[in-house]
Amino acid sequence: MIPNVLTVAGSDSGGGAGIQADLKTMLALGVHGMSVVTAVTAQNSLGVQGAWELPVEAVRAQYRSVVDDIGVQAVKTGMLASAELVEAVAELIAGTNAPAVVDPVGVSKHGDALLAASALDAVRTKLLPAATVATPNLDEVAQIAGVRVESEREMRAAAAAVLEYGPRWVLIKGGHLPGDAVDLLTDGSEEHWLRAPRHDNRHTHGTGCTLASAIASGLAKGRSVPEAVVEAKEYVTGAVAAGFALGGGIGPVDHGWRFRTDV
Ligand SMILES: Nc1ncnc2c1ncn2[C@@H]1O[C@H](COP(=O)(O)OP(=O)(O)O)[C@@H](O)[C@H]1O
Ligand SMILES: Cc1ncc(COP(=O)(O)OP(=O)(O)O)c(N)n1
């Protein structure tokens, strides 16, 4: 049986992040990808030129259509845009019998806001408690938990602060620190440090979405959280290494890097 994975996220018209990155990752990792679109962005390699959120009713309807008929083995959330959408999605995933990977997307690589400031409380009190794994980057940790991380050592305190909001596991992504690309996975008792060489490639658009979707794909296949995260890290590291130029700015990671034999 091919496992079903659902992404609840925003559309990136440039195809590097959001729903598009999630579905490509899922295909590359051998699961059936499905989507609930929360917002539409006009986006390219230079940044986000516009964003429009969908009505809560449209998001709920998409979710119910997928879950009630097809069923899901894992869910991943990304851009949720507003407090109303965060609350609705948190309620939906809490009522679904499948692991949920919550990427609490706040700001794009170019500094464009993808979440209203007024939604942060709902992220803390509704969305994170429903997460099997939360995957904040360092800017999101600062936004959500008020903890600034400037060194690998400080990632431990950041993880503890995020775990206070109730996710079963947290993966602190250290992609924004200099040096090796180091992430910390912990549930408060086990600790797993994931280290990969930093690829000196500016075409890294979509790293966070890709990693979270890869984790959800692994969970849907029945991997444990640490196993899924190790496999996802390997996949995103290869995708960053193979990232390619597109447009005039930051190009996407290459979701198809494992299939390329002809370039
Ligand atoms: N230049 C890079 N080389 C290798 N891995 C990277 C690089 N940049 C980010 N990563 C990895 O990509 C994943 C996503 O991290 P990050 O870029 O911090 O997330 P986000 O896209 O949410 O800002 C993490 O596993 C991080 O370590
Ligand atoms: C629609 C949409 N969702 C999420 C993001 C952020 O994606 P991320 O993987 O964190 O990559 P960067 O934007 O930081 O490169 C997005 N840009 N758009």
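Presented here is a report on the structure given in the accompanying data block. These figures come from a predicted structure and were not determined experimentally.

1. Describing the packing of aromatic side chains
In this structure the tally under the stated criterion is one aromatic pair. Taking 6.3 Å as the distance between ring centres and 35° as the angle between the ring planes, the aromatic pair formed by Tyr-235 and Trp-257 counts as tilted. Separated by 22 residues along the polypeptide, Tyr-235 in helix H8 (residues 225-241) and Trp-257 in the segment after H8 bring together distant segments of the chain.

2. Here we look at the site of ligand 2
Neighbouring residues of ligand 2: 15 residues in total, closest Gln-43, Lys-109, His-205, Gly-208 and Cys-209. At 3.0 Å from an oxygen atom of ligand 2 is found a main-chain nitrogen or oxygen belonging to Gly-208. Separating an oxygen atom of ligand 2 from a backbone N or O atom of Cys-209 is a distance of 2.8 Å. Protein chains bury 95% of the 420 Å² of accessible surface belonging to ligand 2 in isolation. A majority-of-atoms criterion places ligand 2 in the largest pocket. Among the elements that line the shell around ligand 2, the one with the most residues is helix H7 (residues 207-220), at three residues. The class makeup of the residues in the shell around ligand 2 is five nonpolar, nine polar and one charged.

3. Notes on the environment of Ala-220
Relative to the helices and strands, Ala-220 resides in helix H7. A sequence separation of 122 residues divides Ala-220 from Ala-98, and the C-alpha atoms of the two residues are 8.3 Å apart.

4. Observations concerning the nonpolar core
Soluble globular proteins tend to pack their nonpolar side chains together in the buried interior. The biggest cluster of nonpolar side chains holds 52 residues, and the ones touching the most others in it are Leu-6, Val-8, Tyr-63, Val-72, Val-86, Ile-93 and Ile-172. Sorting elements by how many residues they give to this core places helix H3 (residues 83-94) first, with seven residues. If near-sequence neighbours (up to four positions away) are discounted, Val-8 is found in contact with Val-36, Thr-38, Tyr-63, Val-75, Lys-76, Thr-77, Gly-78, Leu-80 and Val-89. With 28 residues, the next largest nonpolar core counts Leu-194, Ile-215, Ala-228 and Val-240 among its residues.

5. Describing the pairing of strand E3 (residues 47-53)
Direction of pairing for strand E2 (residues 32-44) relative to E3: antiparallel, over a ladder of six bridges. Residue Val-40 lies in a different strand from E3, and its bridge partner there is Trp-52. The hairpin formed by E2 and E3 contains two residues between the paired strands.

Conventions adopted
- Residues numbered from 1 in each chain as written.
- Chains lettered and ligands numbered in written order.
- Predicted model: local features only at pLDDT ≥ 70, side-chain atom pairs only at ≥ 80, totals over all residues.
- Heavy atoms only, no water.
- Phe/Tyr/Trp six-rings, centres within 6.5 Å; stacked < 30°, edge-to-face > 60°.
- Helix = DSSP H or I, 4+ residues; strand = E, 2+ residues; numbered from the N terminus.
- Near = heavy atom within 4 Å.
- Polar contact = N/O pair within 3.5 Å; in protein donor to acceptor, adjacent residues only side chain to side chain.
- Areas by Shrake-Rupley, 256 points an atom, 1.4 Å probe, with all protein chains shown as cover.
- 1 Å grid on protein atoms, 1.4 Å probe; cavity = no way out; pocket = protein on both sides within 12 Å on 5 of 7 lines; lining within 4 Å.
- Sits in = over half its atoms within 2 Å of the grid points.
- Nonpolar A, V, L, I, M, F, W, Y, C, P; charged D, E, K, R; others polar.
- Core = buried A, V, L, I, M, F, W, Y, C linked by side-chain atoms within 4.5 Å.
- Buried < 20%, exposed > 50% of the residue type's maximum accessible area, 1.4 Å probe, protein only.
- Contact = heavy atoms within 4.5 Å.
- Pairing = 2+ DSSP bridges.

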